[in-house]
Amino acid sequence: MASEEPLVAVTCTAPVNIAVIKYWGKRDEKLILPINSSLSVTLHQDQLKTTTTAVISKDFTEDQIWLNGQKEDVGQPRIQACLREIRRLAQKQRSADDKDPLPLSLSYKVHIASVNNFPTAAGLASSAAGYACLVYALAQVYGVESDLSEVARQGSGSACRSLYGGFVEWQMGQRADGKDSIARQVAPELHWPELRVLILVVNAEKKSTGSTVGMQTSVETSPLLKFRAEAVVPARMAEMTRCVKERDFQGFGQLTMKDSNQFHAVCLDTYPPISYLNDISRRIIHLVTCFNSHHGQTKVAYTFDAGPNAVIFTLDDTVAEFVAAVRHSFPPESNGDKFLKGLPVTPALLSDKLKAALGMDPSPGGIKYIIATQVGPGPQILDDPHAHLLGPDGRPKPAA
């Protein structure tokens, strides 16, 4: 892609991923190497995505970045790590496969603009999608063709998992230089077509304890975290991989909930304790437990990342009834028509038996809205030049 053209522009999109075996804790802060492996599900970009445009030009005098329309500090260490690594790989690739002198475009400065179509930093894995998209776009614009998961990992650990669709494993690796700490696909996005994902947005505000600080404190103070990483996660990774490959929802759902519970137990075992769940989160856990008990099997499963929003996994034949149970337990306050976003869901009536089984007083407005989605592909390149977020002058286009 990189050439002597005066201006090269690429626009990409990248997905959010939700870990079902959680990553929490680093063995190397600088290289972002985890203390345990993790496994995630990539969500569909029709509902949740980051879009990033990268433009290089001989006329740019400095690197610049805009996030959601606001100019940000491009000198931020993690952004710099990604830029440096992509430029190094571009140079290495050119020196290896070219007799010609290195193209001038490798020294061009870059302008980057990125937007999320979902709340940033609200526990919806925005940094994973953001850094995956940044690295993917930079690789296209500088003509890098190697595996990018090691680069994306240096922006945000979980970003390496957003470089693939479907079900993805981030291998913790053993090496001190992190060369073996990479992501790989466990199963493609069409492997389990019945699987559905519901995001119950409790709070779209920025969280009080960021993941980076939270993890660091857990590593320093939680004996449970050490036990989890060494004695629990390896067997869970193997079991979760089996559940995915065999499309075993009972096993998948139960293990997803157990691992979420243990992650939040680690947060409470951290000193001072960290609490990402709130009362509504706990009521959602209760709702899921009652719903499954009523059916006598695991029909829905919850997982919570570093925030109060719940991610629910279920199969397509259960979505309508569970959404009705959520509406019953958390009646929408004023946005009844905007309460459900994403994939269409057929309205369903709850049986009196199920209503009785849920056994909780309604919490009006407890859930702001639901996003219904499914498993999706990895990053995509947008060919339409109108999709570019930066104009020919390399500055953000005015909002339409």
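Everything below is about the structure shown above.
Residues numbered from 1 in each chain as written. Predicted model: local features only at pLDDT ≥ 70, side-chain atom pairs only at ≥ 80, totals over all residues. Heavy atoms only, no water.

## What to know about the overall build of the protein
(1) Moving on: Across its full length, the protein carries nine helices and 17 strands.
(2) Moving on: Scaling as 2.2 N^0.38, a compact globule of 400 residues should have a C-alpha radius of gyration of about 21 Å, and the protein matches this with 22 Å.
(3) Moving on: Each principal axis of the C-alpha distribution contributes one length, and for the protein these read about 75 × 50 × 40 Å.
(4) Moving on: With 400 residues in all, the protein has 56% of them scored as buried.
(5) Moving on: If you take every contact in the protein between residues at least 6 apart in sequence, the share linking residues at least 24 apart comes to 77%.
(6) Moving on: A total accessible area of about 17100 Å² is found for the protein, and carbon and sulfur atoms account for 53% of it.
(7) Moving on: Separation between the mean location of the 41 positive side-chain charges and that of the 42 negative ones in the protein comes to 3 Å. (Helix = DSSP H or I, 4+ residues; strand = E, 2+ residues; numbered from the N terminus. Rg over C-alpha atoms; globule rule 2.2 N^0.38 Å. Buried < 20%, exposed > 50% of the residue type's maximum accessible area, 1.4 Å probe, protein only. Contact = heavy atoms within 4.5 Å. Areas by Shrake-Rupley, 256 points an atom, 1.4 Å probe, with all protein chains shown as cover. Lys, Arg positive; Asp, Glu negative; His and termini not counted. Charge placed at Lys NZ, Arg CZ, Asp CG, Glu CD.)

## Side note on the packing of aromatic side chains
(1) Moving on: In total, this model carries ten aromatic pairs according to the counting rule given.
(2) Moving on: When the centroid spacing of 6.0 Å and the interplanar angle of 85° are considered together, the rings of W24 and Y276 count as edge-to-face. With W24 in the loop between β2 (17-21) and β3 (26-28) and Y276 in the loop between α6 (249-269) and α7 (279-295), this pair connects stretches of sequence that are 252 residues apart.
(3) Moving on: For W24, a relative accessible area of 3% puts it in the buried group.
(4) Moving on: Take Y276: its relative accessible area is 6%, and that puts it in the buried class. (Phe/Tyr/Trp six-rings, centres within 6.5 Å; stacked < 30°, edge-to-face > 60°.)

## Some words on the pattern of salt bridges
(1) Moving on: Tallied over the full model, the rule gives 15 salt bridges.
(2) Moving on: K22 serves as the salt-bridge partner of D305, at 2.6 Å between the closest nitrogen and oxygen. Of this pair, D305 sits in the loop between β13 (300-304) and β14 (310-315) while K22 is found in the loop between β2 and β3, placing the two residues 283 residues apart along the sequence.
(3) Moving on: Here D305 falls in the buried class, since its relative accessible area comes to 18%. (Salt bridge = Lys/Arg side-chain N within 4 Å of Asp/Glu carboxyl O.)

## A few points about the pairing of strand β6 (residues 49-57)
(1) Moving on: Burial runs high along β6: eight of the nine residues are buried.
(2) Moving on: Strand direction decides the pairing type here: β6 and strand β9 (residues 109-116), joined by eight bridges, are antiparallel. Residue pairing in the sheet places V55 in a bridge with H111 of β9. (Pairing = 2+ DSSP bridges.)

## Digging into the packing of helix α1 (residues 77-97) against helix α2 (residues 126-142)
(1) Moving on: The interhelical angle for the contact between α1 and α2, taken along N-to-C directions, is 30°, at an axis separation of 10 Å. Compared by their axis directions, α1 and α2 come out roughly parallel. Like other packed secondary-structure pairs, α1 and α2 cross with a definite hand, here right-handed. Touching R78, I79, C82, L83, I86, R87, A90 and R94 of α1 are Y131, L134, V135, L138, A139 and Y142, all from α2. (Axes fitted to C-alpha atoms, helices over the stretch in contact; angles between N-to-C directions. Parallel < 35°, antiparallel > 145°, perpendicular 65-115°, else oblique. Left-handed = near helix turned anticlockwise from the far one by under 90°.)

## A closer look at helix α5 (residues 223-245)
(1) Moving on: The end-to-end C-alpha distance of α5 is 32 Å, a good match for the 33 Å that 23 residues give at a rise of 1.5 Å each.
(2) Moving on: Of all bends in α5, the biggest is about 50°, found at V232, and the proline P234 comes one to four residues later.
(3) Moving on: When we look at burial in α5, the residues that qualify are L225, R228, A229, V232, V233, R236, M237, M240, T241, C243 and V244.
(4) Moving on: For α5, the elements touching its buried residues are β2, β5 (38-42), β10 (167-170), β11 (183-187), α4 (211-221) and α6.
(5) Moving on: With a side-chain oxygen lying 3.3 Å from the backbone nitrogen of L224, the N-terminal cap of α5 falls on S222. (Expected span 1.5 Å × (residues − 1). Bend = angle between axes of the 7 residues up to and from the residue. Polar contact = N/O pair within 3.5 Å; in protein donor to acceptor, adjacent residues only side chain to side chain.)

## Some details on the sheet that holds strand β8 (residues 70-72)
Across a sheet, strands are paired by hydrogen bonds formed along the backbone, either parallel or antiparallel in direction.
(1) Moving on: Judged by pairing direction, the sheet is mixed, and its six strands sit side by side in the order β8-β7-β9-β6-β1-β17 without closing on themselves. Each edge of the open sheet carries a strand with a single partner, namely β8 and β17 (380-382). On average, each strand axis in the sheet is inclined to that of its neighbour by 25°, with strand direction left out of account.

## Concerning the state of the cysteines
(1) Moving on: Using the criterion set out here, one finds zero disulfides in the structure.
(2) Moving on: Note on C82: no disulfide assigned, nearest cysteine sulfur contributed by C160 at a separation of 11 Å.
(3) Moving on: Its sulfur unpaired, C133 is 5.8 Å from the next cysteine sulfur, which belongs to C12. (Disulfide = S-S within 2.5 Å.)

## Comments concerning the sheet that holds β10
(1) Moving on: Sheet architecture is open: four strands sit in the order β2-β5-β10-β11, paired in antiparallel fashion. Of all strands in the sheet, those bounded by a partner on one side alone are β2 and β11. Strand-to-strand, the axes of this sheet are offset by a mean angle of 35°, without reference to chain direction.
(2) Moving on: Alignment of β2 against β5, held across four bridges, turns out to be antiparallel. Within β5, the residue paired with A19 across the bridge is S40.
(3) Moving on: Contacting β2, β5, β10 and β11, α5 runs over the sheet at an angle of about 115° to β2.
(4) Moving on: Sitting on the sheet, α6 is in contact with β2 and β5, with an inclination near 90° to β2.

Purely geometric stuff here, so don't read any function into it on its own.
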